[in-house]
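What follows is each chain in one-letter form.
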Amino acid sequence: MFPLVIAVLMTAACALAQTLPALKVSPDGRFLQTADGKPFLYLADTAWELFHRLNREEADLYLRDRARKGFTVIQAVALAELGGIDVPNAYGHLPLENRDPSKPVEAYFAHVDHIVDRAAALGLRIAMLPTWGRYWSRRDPKLPVIFSPENARAYGRFLGKRYRERPIIWVLGGDEDVRTPDERAVIDAMAEGLAEGGSTHLRTFHPRGPGQSSLHLNDARWLDFHMNQSSHAARDHDNGLFIDHDRALTPVRPTLDGEPRYERISVGFYLRDHNRLDRFDDYDVRQAAYWAMLAGACGHTYGHASIWQMHAPGRQGVLFPDSSWQEALDHPGSIQMGYLRRLFESRAWQKLVPDQSILKSGPSEPGAKIRAARASDGSFAFVYTPRGEPFTVDRSFLKGAVVRESWWDPRYGIATEIHTGGSDGLQTYKPPTHGRGQDWLLILDALPAR
């Protein structure tokens, strides 16, 4: 009976996975949408070691939590960074036979299948990295390079065929950049192999940080949308600049930050003089998220110092994690990402166009920099002030006789209406509080005359 029950459950999971509609790039090339034309907000959590380190019960706990908090995507790696090809998964299986990408091990990928299907049943898509970058990059001669163009194509074909009916987003790269013709040949072959296997899923590239897929792969015909890594070097690093850069390119593609500063990770951990006890907090997370979205990103990614590596007691930590992954699930930054999604999906967010010209006063320097975006049809606007500094807006772009003005509190996900009146002229706004951690977002809604 037991094998029959498992088979029934797996069949049900696959059926649920197929209910998530396929994704594609919008006609204007600025955001992602479902096959039926509904805008899709890519809101990801970083779980690089999900397949490698968690058993099925643990993965279920993690996925249920992320679905409940409002995430839409989970970023995870098939051939993981931390001993991913030499240290077995929770069930004792390695992913490859003799480190050969052309010889994937069925038992390992059956576990990956289970997690992908469970995520889909909860409404989550897996943004799957076929491999971490250390296995194909020639940057460091000590890295265990196992890929050639030939076996990269075979491995891509295997993955493309296996997951072509499941709701996957492909993320090539894995914290490395393509810098030589040999490396480019491997990545192109892997991307092409995915398509040869029958996968029509979107494909992007996760670069080394700070970095951008557009710097090395803008000419890649297989690349559907750009991904940046603004990384972890400093507070107040304006990741909106990465989005600005990509939006100015041709061809037009959606873009997002796939690895901004993680909650609770040491600030500038890769710098010689960093202080391991100085850690990014939820404010740093929010600042990066709202800056990127108001610069015109098609979504955003959250990360946590303990969750990306699925840190647990007794396990050697990487980069000084200070809690278990289970404890970290309820740290405030992840909860606040759900608030961000709720705000953007409360309106036609896909119409937003970044437009700093509507700001007539207010800080533009790092840290306090204010970013603004307006709807292309003049129906609403968002203005984000990271430190609660006052600013002035020219409201003439609004297409309504009346404007409703509200403050959105990114910490608690609460909107408070402050005034409804005429929409003409300039208006200066002073947020309720100011200082580090006191970020606010102004909502302007154009209304018809009463």
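Residues numbered from 1 in each chain as written. Predicted model: local features only at pLDDT ≥ 70, side-chain atom pairs only at ≥ 80, totals over all residues. Heavy atoms only, no water.

A. Broad picture of the overall build of the protein. Helix and strand content of the protein: eleven helices and 23 strands. Relative to a compact globule of 450 residues, whose C-alpha radius of gyration would be 22 Å, the protein shows 22 Å and is just as compact. In terms of principal-axis extent, the alpha carbons of the protein reach across some 70 × 50 × 50 Å. The 450 residues of the protein split such that 58% are buried. Long-range pairs, those at least 24 residues apart, make up 71% of the contacts in the protein between residues at least 6 apart in sequence. Entry remark: accessible area of the protein is about 17,500 Å², with carbon and sulfur atoms responsible for 53%. (Helix = DSSP H or I, 4+ residues; strand = E, 2+ residues; numbered from the N terminus. Rg over C-alpha atoms; globule rule 2.2 N^0.38 Å. Buried < 20%, exposed > 50% of the residue type's maximum accessible area, 1.4 Å probe, protein only. Contact = heavy atoms within 4.5 Å. Areas by Shrake-Rupley, 256 points an atom, 1.4 Å probe, with all protein chains shown as cover.)

B. Local environment of the environment of Met310. Inspection of the secondary structure puts Met310 in the loop between strand 14 (299–302) and helix 10 (325–328). For Met310, a relative accessible area of 0% gives the class buried. Along the primary structure Met310 and Ser137 are separated by 173 residues, whereas in three dimensions their C-alpha atoms are 24 Å apart. Once residues lying within four places of it in the same chain are set aside, the contact partners of Met310 are Ala47, Glu49, Leu50, Arg53, Leu54, Tyr62, Arg315 and Trp325.

C. Examining the packing of helix 5 (residues 149–162) against helix 6 (residues 181–196) more closely. In contact at an axis separation of 6 Å, helix 5 and helix 6 are set at 30 degrees when each is read in the N-to-C sense. Classified by the angle their axes make, helix 5 and helix 6 are roughly parallel. Seen along the crossing, helix 5 lies across helix 6 with a hand that is right-handed. Residues Pro149, Ala152, Arg153, Gly156, Arg157, Leu159 and Gly160 of helix 5 lie in contact with helix 6, whose contacting residues are Ala185, Val186, Ala189, Met190, Glu192, Gly193, Leu194 and Glu196. Split by residue class, the contact of helix 5 with helix 6 holds eight nonpolar, three polar and four charged. (Axes fitted to C-alpha atoms, helices over the stretch in contact; angles between N-to-C directions. Parallel < 35°, antiparallel > 145°, perpendicular 65-115°, else oblique. Left-handed = near helix turned anticlockwise from the far one by under 90°. Nonpolar A, V, L, I, M, F, W, Y, C, P; charged D, E, K, R; others polar.)

D. Focus on helix 6. Compared with the 22 Å implied by 1.5 Å per residue over 16 residues, the 22 Å span of helix 6 between its first and last C-alpha is a close match. Among the residues making up helix 6, those that are buried are Glu183, Arg184, Val186, Ile187, Asp188, Ala189, Met190, Ala191, Gly193 and Leu194. Here the buried face of helix 6 lies against strand 8 (125–131), helix 5, strand 9 (168–173), strand 10 (203–206) and helix 7 (214–217). Two residues or fewer after helix 6 comes Gly198, characterised by a positive phi angle close to 105 degrees. (Expected span 1.5 Å × (residues − 1).)

E. Molecular detail of the pattern of salt bridges. This structure, assessed with the given rule, holds 41 salt bridges. A salt bridge links Arg118 to Asp60, with the nearest nitrogen and oxygen atoms 2.3 Å apart. With Arg118 in helix 4 (residues 106–121) and Asp60 in helix 3 (residues 56–69), this residue pair connects regions lying 58 residues apart in the sequence. Judged by relative accessible area, which is 19%, Asp60 ranks as buried. For Asp219, the salt bridge is made with Arg184, and the minimal N-O distance between the two is 3.2 Å. One end of the pair, Asp219, is in the loop between helix 7 and strand 12 (226–229); the other, Arg184, is in helix 6, and 35 residues separate them in sequence. (Salt bridge = Lys/Arg side-chain N within 4 Å of Asp/Glu carboxyl O.)

F. Looking closely at the environment of Ala121. Residue position: Ala121 is located in helix 4. As a C-alpha pair, Ala121 and Arg64 span 57 residues in sequence and 9.9 Å in three-dimensional space.

G. Spotlight on the pairing of strand 14. Burial of strand 14 is two-sided: the residues Gly299 and Thr301 facing one way and the residues His300 and Tyr302 facing the other way are all buried. Examined bridge by bridge, strand 4 (residues 42–46) and strand 14 share four bridges and lie parallel to one another. Following the sheet pairing, Leu43 is matched in strand 14 by His300. (Pairing = 2+ DSSP bridges.)

H. Looking closely at the side chain of Ser406. The residue Ser406 is located in strand 20 (residues 402–409) in this model. Those residues in contact with Ser406 that lie beyond four places of it in its chain are Thr416, Glu417, Ile418, Leu441, Leu442 and Ile443.

I. Expanded view of the nonpolar core. If you look at the biggest cluster of nonpolar residues, it comprises 107 residues, and the most contacted ones within it are Tyr42, Leu50, Phe51, Tyr62, Met128, Phe147 and Phe344. Broken down by element, this core gets its largest block of residues, eight residues, from helix 9 (residues 282–294). Within the second largest apolar cluster, 17 residues are counted, among which are Ile358, Ala372, Val383 and Leu444. (Core = buried A, V, L, I, M, F, W, Y, C linked by side-chain atoms within 4.5 Å.)

J. Fine view of the confidence of the model for the protein. Within the protein, residue pLDDT values average 95, and 96% of them lie at 70 or more. Under a pLDDT of 50 for its full length, residues 1–17 has, in the predicted model, ten contacts with residues more than four places off or in other chains. (pLDDT = per-residue confidence, 0-100.)

K. Focus on helix 9. Over its 13 residues, helix 9 extends 18 Å from the first C-alpha to the last, a length consistent with the 18 Å expected when each residue adds 1.5 Å. Within helix 9, 13 of the 13 residues are buried, which leaves the element mostly enclosed by the surrounding structure. Where helix 9 begins, the capping side chain belongs to Asp281, and its oxygen is found 3.1 Å from the backbone nitrogen of Tyr283. After helix 9 finishes, the residue Gly296 shows a positive phi value of roughly 110 degrees. (Polar contact = N/O pair within 3.5 Å; in protein donor to acceptor, adjacent residues only side chain to side chain.)

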